[in-house]
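Take a look at the letters that make up each chain.
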Amino acid sequence: MDYLPKDPAILVSSVNMLLRDEEFDTLDSLCYNFGTEPTDIKNYLLEHGYVYSEEQRQFRPIGYNSEQDDNKR
């Protein structure tokens, strides 16, 4: 993968896969590799209904874990 997809659903899937399969240790290292900022991805996906869980190292739909989501806003 040479770039991150623009479609929100595909972006979530791609980022979660790269983190899950340990291609990258952190969202920061993944973003550095693709020349983007973690806050840009987090804000973009938040607009499309996803929030990043540091503990799980993955993006999840808002409301999936209400307690964590409330702490991220």
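Scoring rules and cut-offs
- Residues numbered from 1 in each chain as written.
- Predicted model: local features only at pLDDT ≥ 70, side-chain atom pairs only at ≥ 80, totals over all residues.
- Heavy atoms only, no water.
- Buried < 20%, exposed > 50% of the residue type's maximum accessible area, 1.4 Å probe, protein only.
- Helix = DSSP H or I, 4+ residues; strand = E, 2+ residues; numbered from the N terminus.
- Arc of directions from axis to C-beta.
- Contact = heavy atoms within 4.5 Å.
- 1 Å grid on protein atoms, 1.4 Å probe; cavity = no way out; pocket = protein on both sides within 12 Å on 5 of 7 lines; lining within 4 Å.
- Points joined across faces, edges and corners; volume = space filled by probe spheres on them.

An unreviewed UniProt entry annotates the protein as DUF4250 domain-containing protein of Xylanibacter ruminicola.

Moving on to helix α2 (residues 27–34). Along α2, the positions that sit buried rather than exposed are Leu27, Leu30, Cys31 and Phe34. Buried positions in α2, seen along its axis, are confined to an arc of 95 degrees and lie on one side of it. In α2, the exposed positions that point more than 90 degrees away from the buried face belong to Asp28 and Tyr32. Contact partners of the buried residues in α2: α1 (8–20), α3 (38–47), β1 (50–53) and β2 (58–61). Looking one or two residues past α2, Gly35 carries a phi angle of roughly 70 degrees, positive in sign.

The subject of this paragraph is the layout of surface pockets. Any empty space left between atoms is shown by rolling a water-sized probe over those atoms. Quantified by volume, the largest pocket comes out at close to 210 Å³. Looking at the largest pocket, the residues that line it are Asp2, Tyr3, Leu4, Pro5, Lys6, Leu11, Phe34, Thr36, Asp40, Ile41 and Tyr44. The leading source of residues in the lining of the largest pocket is α3, at three residues.

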